[in-house]
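A structural walkthrough
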Amino acid sequence: KAIALKAAKDGANIVIAAKTAEPHPTLPGTIYTAAEEIEAAGGKALPCIVNVREEQQIINAVEKAVKTFGGIDILVNNASAISLTGTLETATKKVNLMMDVNVRGTYLTSKACLPHLRKSKNPHILNLSPPMNLNPMWFKNHCAYTISKYGMSMCVLGMAEEFRGEVAVNALWPKTAIHTAAMDMLGGAGIEKQCRKTDILADAAYCILSKPKTFTGNFIIDEVLLREEGVKDFDVYAIAPGHPLMPDFFLDVEIDTTTMKQEGYACGLPRNRCNRTRPPRLTGAVEREGTAVLAAFSSRFTLCLGNGGGTWYIDLKTEGGSAGFGKPPVTADVVMSMSSADFVKMFTDKLKLFMAFMPENSSIKGDMMH
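Bear in mind the structure is a predicted one, so any value in this text is a computation, not a measurement.

What to know about the packing of aromatic side chains
Between two aromatic rings, the relevant description is the distance of the centres plus the angle of the planes. Here the structure, examined in full by the defined rule, presents 8 aromatic pairs. One aromatic cluster in this structure is built from W138, F139, Y145, Y150, W173, F249 and F250.

Below, the structure is given as C-alpha coordinates:
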(Lines give C-alpha, C1' and ligand atoms only; values in the text may rest on other atoms or scores of the structure.)
Protein backbone atom coordinates (compact mmCIF):
# COMPACT_ATOMS: atom_id res chain seq x y z
CA LYS A 1 0.00 0.00 0.00
CA ALA A 2 2.85 2.39 0.74
CA ILE A 3 4.28 1.80 -2.74
CA ALA A 4 0.82 2.44 -4.23
CA LEU A 5 0.37 5.68 -2.28
CA LYS A 6 3.77 6.92 -3.43
CA ALA A 7 2.80 6.29 -7.06
CA ALA A 8 -0.66 7.79 -6.51
CA LYS A 9 0.93 11.17 -5.80
CA ASP A 10 1.97 11.16 -9.48
CA GLY A 11 -1.59 10.36 -10.52
CA ALA A 12 -0.96 6.67 -11.24
CA ASN A 13 -3.69 4.20 -12.11
CA ILE A 14 -3.44 1.43 -9.53
CA VAL A 15 -5.02 -2.02 -9.40
CA ILE A 16 -5.26 -3.42 -5.86
CA ALA A 17 -5.25 -7.20 -6.21
CA ALA A 18 -5.72 -8.77 -2.78
CA LYS A 19 -8.09 -10.95 -0.76
CA THR A 20 -9.31 -8.63 1.97
CA ALA A 21 -12.77 -7.45 0.96
CA GLU A 22 -14.24 -7.60 4.47
CA PRO A 23 -12.56 -6.07 7.56
CA HIS A 24 -10.24 -8.43 9.42
CA PRO A 25 -10.82 -8.71 13.19
CA THR A 26 -7.27 -7.59 14.05
CA LEU A 27 -5.58 -6.33 10.85
CA PRO A 28 -6.79 -2.93 9.63
CA GLY A 29 -8.01 -2.08 6.13
CA THR A 30 -9.54 -3.70 3.05
CA ILE A 31 -8.94 -3.34 -0.68
CA TYR A 32 -11.71 -0.75 -0.67
CA THR A 33 -10.28 1.42 2.11
CA ALA A 34 -6.90 1.20 0.34
CA ALA A 35 -8.59 2.37 -2.86
CA GLU A 36 -10.04 5.36 -1.02
CA GLU A 37 -6.57 6.30 0.29
CA ILE A 38 -5.06 5.98 -3.18
CA GLU A 39 -7.67 8.22 -4.75
CA ALA A 40 -7.31 10.75 -1.93
CA ALA A 41 -3.57 10.86 -2.71
CA GLY A 42 -4.25 11.71 -6.35
CA GLY A 43 -4.37 8.35 -8.11
CA LYS A 44 -7.11 6.23 -9.63
CA ALA A 45 -7.83 2.89 -8.00
CA LEU A 46 -9.36 -0.38 -9.16
CA PRO A 47 -9.85 -2.80 -6.24
CA CYS A 48 -10.03 -6.46 -7.34
CA ILE A 49 -10.65 -9.41 -5.05
CA VAL A 50 -7.77 -11.75 -5.91
CA ASN A 51 -6.44 -14.87 -4.22
CA VAL A 52 -3.15 -15.46 -6.05
CA ARG A 53 -3.59 -19.20 -5.46
CA GLU A 54 -6.44 -19.08 -7.99
CA GLU A 55 -5.12 -18.58 -11.53
CA GLN A 56 -8.48 -17.54 -12.96
CA GLN A 57 -8.82 -14.75 -10.40
CA ILE A 58 -5.40 -13.44 -11.49
CA ILE A 59 -6.40 -13.59 -15.16
CA ASN A 60 -9.73 -11.85 -14.46
CA ALA A 61 -7.99 -9.02 -12.57
CA VAL A 62 -5.44 -8.52 -15.36
CA GLU A 63 -8.19 -8.40 -18.00
CA LYS A 64 -10.16 -5.93 -15.89
CA ALA A 65 -7.07 -3.77 -15.43
CA VAL A 66 -6.41 -3.65 -19.16
CA LYS A 67 -10.05 -2.91 -19.94
CA THR A 68 -10.20 -0.15 -17.32
CA PHE A 69 -6.83 1.55 -17.83
CA GLY A 70 -5.81 0.46 -21.34
CA GLY A 71 -2.73 -1.55 -20.39
CA ILE A 72 -0.24 -2.49 -17.67
CA ASP A 73 3.12 -0.78 -17.10
CA ILE A 74 4.20 -2.11 -13.69
CA LEU A 75 3.62 -5.25 -11.64
CA VAL A 76 4.58 -5.38 -7.95
CA ASN A 77 4.57 -8.91 -6.51
CA ASN A 78 4.25 -8.44 -2.77
CA ALA A 79 1.87 -11.24 -1.68
CA SER A 80 3.58 -13.69 0.68
CA ALA A 81 2.75 -16.32 3.29
CA ILE A 82 5.06 -17.21 6.16
CA SER A 83 5.54 -20.05 8.62
CA LEU A 84 8.82 -20.00 10.54
CA THR A 85 8.82 -23.71 11.32
CA GLY A 86 11.23 -26.59 10.78
CA THR A 87 10.81 -29.33 8.20
CA LEU A 88 9.16 -31.91 10.48
CA GLU A 89 6.94 -29.33 12.14
CA THR A 90 5.60 -27.64 8.99
CA ALA A 91 2.21 -29.05 8.06
CA THR A 92 1.76 -29.93 4.40
CA LYS A 93 -1.04 -27.39 4.06
CA LYS A 94 1.37 -24.65 5.19
CA VAL A 95 4.02 -25.81 2.73
CA ASN A 96 1.39 -25.68 -0.01
CA LEU A 97 0.27 -22.22 1.10
CA MET A 98 3.79 -20.76 1.00
CA MET A 99 4.65 -22.37 -2.33
CA ASP A 100 1.29 -21.42 -3.86
CA VAL A 101 1.33 -17.79 -2.75
CA ASN A 102 5.02 -16.93 -2.81
CA VAL A 103 6.37 -18.88 -5.78
CA ARG A 104 3.40 -19.96 -7.89
CA GLY A 105 1.44 -16.75 -7.28
CA THR A 106 4.40 -14.59 -8.29
CA TYR A 107 5.06 -16.75 -11.35
CA LEU A 108 1.46 -16.85 -12.56
CA THR A 109 0.79 -13.14 -11.96
CA SER A 110 3.96 -12.28 -13.87
CA LYS A 111 2.96 -14.65 -16.67
CA ALA A 112 -0.50 -13.08 -16.94
CA CYS A 113 0.87 -9.52 -17.00
CA LEU A 114 3.85 -10.05 -19.31
CA PRO A 115 1.98 -9.93 -22.65
CA HIS A 116 0.65 -6.49 -21.65
CA LEU A 117 3.90 -5.33 -20.06
CA ARG A 118 5.74 -6.01 -23.32
CA LYS A 119 3.52 -3.39 -25.00
CA SER A 120 4.51 -0.69 -22.47
CA LYS A 121 7.28 1.84 -23.12
CA ASN A 122 9.06 1.25 -19.82
CA PRO A 123 7.64 -1.88 -18.16
CA HIS A 124 8.77 -3.20 -14.78
CA ILE A 125 8.17 -6.22 -12.57
CA LEU A 126 9.26 -5.74 -8.95
CA ASN A 127 9.24 -8.68 -6.54
CA LEU A 128 9.49 -8.08 -2.79
CA SER A 129 12.00 -10.87 -2.22
CA PRO A 130 15.54 -11.21 -0.85
CA PRO A 131 18.97 -11.76 -2.36
CA MET A 132 19.58 -15.51 -2.57
CA ASN A 133 21.91 -15.90 0.39
CA LEU A 134 22.85 -19.60 0.59
CA ASN A 135 24.22 -19.38 4.12
CA PRO A 136 22.71 -22.51 5.80
CA MET A 137 21.54 -20.49 8.82
CA TRP A 138 18.72 -19.06 6.70
CA PHE A 139 17.47 -22.55 5.84
CA LYS A 140 17.86 -24.62 8.99
CA ASN A 141 14.99 -23.18 11.05
CA HIS A 142 12.42 -22.51 8.31
CA CYS A 143 13.46 -24.40 5.21
CA ALA A 144 10.09 -24.26 3.41
CA TYR A 145 9.67 -20.52 3.92
CA THR A 146 13.18 -19.80 2.66
CA ILE A 147 12.65 -21.97 -0.42
CA SER A 148 9.42 -20.10 -1.18
CA LYS A 149 10.98 -16.63 -0.84
CA TYR A 150 14.02 -17.64 -2.87
CA GLY A 151 11.57 -18.99 -5.46
CA MET A 152 10.33 -15.42 -5.89
CA SER A 153 13.93 -14.31 -6.32
CA MET A 154 14.56 -17.04 -8.87
CA CYS A 155 11.65 -15.62 -10.89
CA VAL A 156 13.67 -12.39 -11.00
CA LEU A 157 16.79 -14.24 -12.05
CA GLY A 158 15.09 -16.13 -14.86
CA MET A 159 12.59 -13.58 -16.17
CA ALA A 160 15.11 -10.74 -16.18
CA GLU A 161 17.22 -12.72 -18.62
CA GLU A 162 14.29 -14.12 -20.57
CA PHE A 163 12.76 -10.70 -21.19
CA ARG A 164 15.95 -8.63 -21.27
CA GLY A 165 15.47 -5.56 -23.44
CA GLU A 166 11.68 -5.84 -23.15
CA VAL A 167 10.72 -5.84 -19.45
CA ALA A 168 12.78 -4.92 -16.40
CA VAL A 169 12.54 -7.50 -13.60
CA ASN A 170 14.09 -6.71 -10.19
CA ALA A 171 13.83 -7.65 -6.50
CA LEU A 172 13.63 -5.28 -3.53
CA TRP A 173 14.31 -6.21 0.11
CA PRO A 174 14.60 -4.09 3.27
CA LYS A 175 17.84 -3.91 5.20
CA THR A 176 15.92 -3.64 8.48
CA ALA A 177 12.59 -4.82 9.83
CA ILE A 178 9.65 -2.78 8.57
CA HIS A 179 6.80 -1.84 10.88
CA THR A 180 3.51 -3.38 9.82
CA ALA A 181 0.49 -4.79 11.63
CA ALA A 182 1.93 -8.27 11.04
CA MET A 183 5.17 -7.22 12.74
CA ASP A 184 3.17 -6.10 15.77
CA MET A 185 1.62 -9.56 15.95
CA LEU A 186 5.00 -11.31 15.61
CA GLY A 187 7.05 -9.07 17.87
CA GLY A 188 4.59 -7.79 20.44
CA ALA A 189 4.52 -4.45 22.22
CA GLY A 190 7.52 -2.21 21.64
CA ILE A 191 8.74 -3.99 18.51
CA GLU A 192 8.02 -0.91 16.41
CA LYS A 193 10.97 0.94 17.99
CA GLN A 194 13.31 -1.49 16.20
CA CYS A 195 11.65 -0.98 12.83
CA ARG A 196 11.52 1.50 10.00
CA LYS A 197 8.41 2.90 8.36
CA THR A 198 7.08 1.47 5.12
CA ASP A 199 8.06 4.78 3.51
CA ILE A 200 11.63 3.57 2.92
CA LEU A 201 10.42 0.70 0.74
CA ALA A 202 8.03 3.01 -1.09
CA ASP A 203 10.84 5.46 -1.87
CA ALA A 204 13.18 2.68 -2.99
CA ALA A 205 10.49 1.11 -5.17
CA TYR A 206 9.68 4.48 -6.73
CA CYS A 207 13.35 4.93 -7.57
CA ILE A 208 13.58 1.49 -9.21
CA LEU A 209 10.36 1.86 -11.18
CA SER A 210 11.50 5.25 -12.48
CA LYS A 211 14.62 3.72 -14.03
CA PRO A 212 14.78 2.57 -17.67
CA LYS A 213 13.95 -1.03 -18.49
CA THR A 214 17.66 -1.69 -19.03
CA PHE A 215 17.95 -1.66 -15.22
CA THR A 216 17.11 -5.32 -14.73
CA GLY A 217 18.14 -8.50 -12.92
CA ASN A 218 19.06 -6.70 -9.69
CA PHE A 219 18.57 -7.72 -6.06
CA ILE A 220 18.27 -4.38 -4.35
CA ILE A 221 18.53 -3.44 -0.67
CA ASP A 222 16.45 -0.36 0.13
CA GLU A 223 18.95 1.62 2.22
CA VAL A 224 21.90 0.95 -0.06
CA LEU A 225 20.04 2.11 -3.15
CA LEU A 226 18.77 5.26 -1.48
CA ARG A 227 22.26 6.12 -0.22
CA GLU A 228 23.56 5.87 -3.78
CA GLU A 229 20.67 8.10 -4.86
CA GLY A 230 21.88 10.77 -2.42
CA VAL A 231 19.71 10.17 0.65
CA LYS A 232 21.71 10.95 3.81
CA ASP A 233 19.12 11.23 6.59
CA PHE A 234 17.66 7.83 7.40
CA ASP A 235 16.28 8.91 10.77
CA VAL A 236 13.21 10.13 8.88
CA TYR A 237 12.38 6.49 8.17
CA ALA A 238 12.80 5.31 11.77
CA ILE A 239 9.83 4.79 14.07
CA ALA A 240 12.10 5.75 16.97
CA PRO A 241 15.09 7.74 15.63
CA GLY A 242 18.33 6.72 17.34
CA HIS A 243 16.99 3.39 18.55
CA PRO A 244 18.90 0.27 17.36
CA LEU A 245 17.26 -1.31 14.32
CA MET A 246 16.52 -4.98 13.80
CA PRO A 247 18.17 -6.48 10.70
CA ASP A 248 15.85 -8.25 8.30
CA PHE A 249 15.97 -11.92 7.38
CA PHE A 250 18.46 -13.25 4.80
CA LEU A 251 21.07 -10.52 5.32
CA ASP A 252 24.02 -11.63 7.45
CA VAL A 253 26.77 -9.38 6.10
CA GLU A 254 27.06 -5.66 5.56
CA ILE A 255 25.76 -4.90 2.08
CA ASP A 256 28.20 -2.61 0.31
CA THR A 257 26.80 -2.70 -3.22
CA THR A 258 23.46 -1.49 -4.49
CA THR A 259 22.63 -4.60 -6.47
CA MET A 260 23.63 -8.19 -6.92
CA LYS A 261 23.51 -9.16 -10.58
CA GLN A 262 22.92 -12.59 -12.01
CA GLU A 263 26.29 -12.45 -13.78
CA GLY A 264 29.44 -13.51 -11.94
CA TYR A 265 28.04 -16.35 -9.86
CA ALA A 266 30.39 -18.82 -8.28
CA CYS A 267 29.56 -21.78 -6.03
CA GLY A 268 25.90 -20.78 -6.31
CA LEU A 269 26.51 -17.31 -4.87
CA PRO A 270 27.59 -13.98 -6.31
CA ARG A 271 31.39 -13.84 -6.06
CA ASN A 272 31.29 -10.96 -3.60
CA ARG A 273 29.32 -13.15 -1.17
CA CYS A 274 31.15 -16.48 -1.46
CA ASN A 275 33.93 -15.86 1.05
CA ARG A 276 31.85 -16.09 4.18
CA THR A 277 32.61 -17.85 7.41
CA ARG A 278 29.88 -20.30 8.27
CA PRO A 279 28.33 -19.54 11.68
CA PRO A 280 28.77 -22.11 14.43
CA ARG A 281 26.04 -24.71 14.70
CA LEU A 282 23.80 -24.62 17.75
CA THR A 283 23.46 -27.96 19.48
CA GLY A 284 21.21 -28.93 22.35
CA ALA A 285 21.56 -27.46 25.80
CA VAL A 286 22.63 -30.71 27.33
CA GLU A 287 25.33 -31.15 24.67
CA ARG A 288 26.92 -27.73 24.94
CA GLU A 289 27.83 -25.85 28.07
CA GLY A 290 26.26 -22.46 28.60
CA THR A 291 23.17 -23.03 26.43
CA ALA A 292 19.55 -22.67 27.44
CA VAL A 293 16.76 -24.61 25.75
CA LEU A 294 13.12 -23.63 26.03
CA ALA A 295 10.78 -26.38 24.90
CA ALA A 296 7.22 -25.20 24.44
CA PHE A 297 4.09 -27.29 24.31
CA SER A 298 0.58 -25.93 23.84
CA SER A 299 1.01 -24.09 27.13
CA ARG A 300 3.68 -26.62 28.23
CA PHE A 301 7.24 -25.34 28.55
CA THR A 302 10.54 -26.97 29.41
CA LEU A 303 13.63 -24.92 30.20
CA CYS A 304 16.97 -26.71 30.07
CA LEU A 305 19.88 -24.62 31.35
CA GLY A 306 23.40 -25.60 30.43
CA ASN A 307 26.47 -25.26 32.63
CA GLY A 308 24.87 -27.10 35.55
CA GLY A 309 21.55 -25.29 35.47
CA GLY A 310 19.55 -28.45 34.94
CA THR A 311 16.14 -28.90 33.33
CA TRP A 312 12.91 -27.25 34.49
CA TYR A 313 9.41 -27.63 33.11
CA ILE A 314 6.06 -25.91 33.46
CA ASP A 315 2.85 -27.59 32.23
CA LEU A 316 -0.16 -25.29 31.92
CA LYS A 317 -2.00 -27.56 29.50
CA THR A 318 -2.78 -30.64 31.56
CA GLU A 319 -5.67 -30.23 33.96
CA GLY A 320 -4.35 -28.83 37.20
CA GLY A 321 -0.98 -27.98 35.65
CA SER A 322 2.43 -28.92 36.99
CA ALA A 323 5.98 -27.64 37.35
CA GLY A 324 9.19 -29.26 38.38
CA PHE A 325 12.86 -30.03 37.98
CA GLY A 326 14.19 -32.70 35.64
CA LYS A 327 13.03 -34.27 32.41
CA PRO A 328 9.45 -33.25 31.53
CA PRO A 329 6.90 -36.08 31.62
CA VAL A 330 5.53 -35.19 28.16
CA THR A 331 7.50 -34.66 24.94
CA ALA A 332 7.74 -31.03 23.87
CA ASP A 333 6.01 -29.74 20.74
CA VAL A 334 8.53 -26.92 20.29
CA VAL A 335 12.18 -26.73 21.35
CA MET A 336 14.01 -23.42 21.44
CA SER A 337 17.78 -23.31 22.00
CA MET A 338 19.67 -20.20 23.02
CA SER A 339 22.58 -19.18 25.18
CA SER A 340 21.97 -18.78 28.89
CA ALA A 341 23.14 -15.18 28.69
CA ASP A 342 20.59 -14.35 25.98
CA PHE A 343 17.88 -16.15 27.93
CA VAL A 344 18.53 -13.93 30.94
CA LYS A 345 18.59 -10.83 28.72
CA MET A 346 15.24 -11.85 27.20
CA PHE A 347 13.56 -12.03 30.59
CA THR A 348 15.12 -8.80 31.82
CA ASP A 349 13.93 -6.98 28.68
CA LYS A 350 17.48 -6.40 27.44
CA LEU A 351 16.81 -8.65 24.44
CA LYS A 352 13.43 -8.17 22.76
CA LEU A 353 11.39 -11.32 22.24
CA PHE A 354 11.40 -10.99 18.46
CA MET A 355 15.17 -10.54 18.40
CA ALA A 356 15.52 -13.60 20.64
CA PHE A 357 13.75 -15.64 17.96
CA MET A 358 16.06 -14.47 15.16
CA PRO A 359 18.22 -17.33 13.79
CA GLU A 360 21.48 -15.78 14.94
CA ASN A 361 20.22 -15.77 18.56
CA SER A 362 18.34 -19.04 18.78
CA SER A 363 17.33 -22.29 17.12
CA ILE A 364 13.64 -23.21 17.09
CA LYS A 365 12.31 -26.64 16.23
CA GLY A 366 8.62 -27.40 16.34
CA ASP A 367 5.31 -25.87 15.39
CA MET A 368 5.01 -22.45 16.99
CA MET A 369 1.36 -22.29 15.96
CA HIS A 370 0.48 -25.58 17.73
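Points about the confidence of the model for the protein chain
Scored by pLDDT, the protein chain comes out at a mean of 82, with 72% of its residues at no less than 70. Segment residues 262-299: pLDDT under 50, and 110 contacts once partners within four positions in sequence are set aside and those in other chains are kept.

Some remarks on the pairing of strand β1 (residues 13-18)
By the bridge criterion, 6 bridges tie β1 to strand β2 (residues 44-49) in an arrangement that is parallel. If you follow N13 over to β2, its bridge partner there is K44. The β-α-β motif built from β1, the intervening helix α2 (residues 31-40) and the parallel element β2 has right-handed crossover chirality.

Some details on unusual backbone geometry
Of note in the backbone geometry, F250 takes a positive phi value of approximately 75 degrees without being a glycine. Among the structural elements, F250 can be located in the loop between α9 (222-228) and β7 (265-266). Judged by its relative accessible area of 0%, F250 is buried.

Here we look at the side chain of T146
Turning to its location among the elements, T146 is positioned in helix α6 (residues 143-162). Assessed through its relative accessible area of 0%, T146 is described here as buried. For T146, the side chain forms a polar contact with the side chain of H142, separated by 3.0 Å. Here T146 is in contact with W138, F139 and F250, once residues within four sequence places are set aside.

Observations concerning the side chain of N127
Positionally, N127 belongs in strand β4 (residues 124-128). Among the polar contacts made by the side chain of N127, one reaches the side chain of N77 at a distance of 2.9 Å. Here N127 is in contact with N77, T106, M152, C155, V156, N170, A171 and L172, once residues within four sequence places are set aside.

Focus: the packing of helix α3 (residues 55-69) against helix α4 (residues 92-117)
It is the contact of α3 with α4, at a shortest axis distance of 10 Å, that shows an interaxial angle of 30 degrees. As summarised for this structure, α3 and α4 are arranged roughly parallel, according to the angle between their axes. Remark: the crossing between α3 and α4 carries right-handed chirality. Contacts between α3 and α4 involve E55, I58, V62 and V66 on the former and, on the latter, G105, L108, T109, A112, C113 and H116. Here the residues of the contact of α3 with α4 sort into 6 nonpolar, 3 polar and 1 charged.

A look at α2
The complete set of buried residues in α2 reads I31, A34, A35 and I38. All buried residues of α2 lie within an arc of 105 degrees about the axis, which places them on one face of the element. Residues of α2 that are exposed and point over 90 degrees away from its buried face: E36 and A40. As for α2, its buried residues are in contact with α1 (2-8), β1 and β2. One or two residues past the end of α2 sits G42, with phi positive at roughly 115 degrees.

Comments concerning the nonpolar core
Grouped together as the largest cluster of nonpolar side chains are 40 residues, with contacts concentrated most on I58, L114, L117, I125, V167, V169 and F250. Mapped onto this core, the elements with two or more residues apiece are β2, α3, α4, α5 (137-140), α6, β5 (168-173) and β6 (219-221).

Conventions used here
- Residues numbered from 1 in each chain as written.
- Predicted model: local features only at pLDDT ≥ 70, side-chain atom pairs only at ≥ 80, totals over all residues.
- Heavy atoms only, no water.
- Phe/Tyr/Trp six-rings, centres within 6.5 Å; stacked < 30°, edge-to-face > 60°.
- pLDDT = per-residue confidence, 0-100.
- Contact = heavy atoms within 4.5 Å.
- Pairing = 2+ DSSP bridges.
- Helix = DSSP H or I, 4+ residues; strand = E, 2+ residues; numbered from the N terminus.
- Right-handed = clockwise from strand over helix to strand, strands pointing away.
- Buried < 20%, exposed > 50% of the residue type's maximum accessible area, 1.4 Å probe, protein only.
- Polar contact = N/O pair within 3.5 Å; in protein donor to acceptor, adjacent residues only side chain to side chain.
- Axes fitted to C-alpha atoms, helices over the stretch in contact; angles between N-to-C directions.
- Parallel < 35°, antiparallel > 145°, perpendicular 65-115°, else oblique.
- Left-handed = near helix turned anticlockwise from the far one by under 90°.
- Nonpolar A, V, L, I, M, F, W, Y, C, P; charged D, E, K, R; others polar.
- Arc of directions from axis to C-beta.
- Core = buried A, V, L, I, M, F, W, Y, C linked by side-chain atoms within 4.5 Å.

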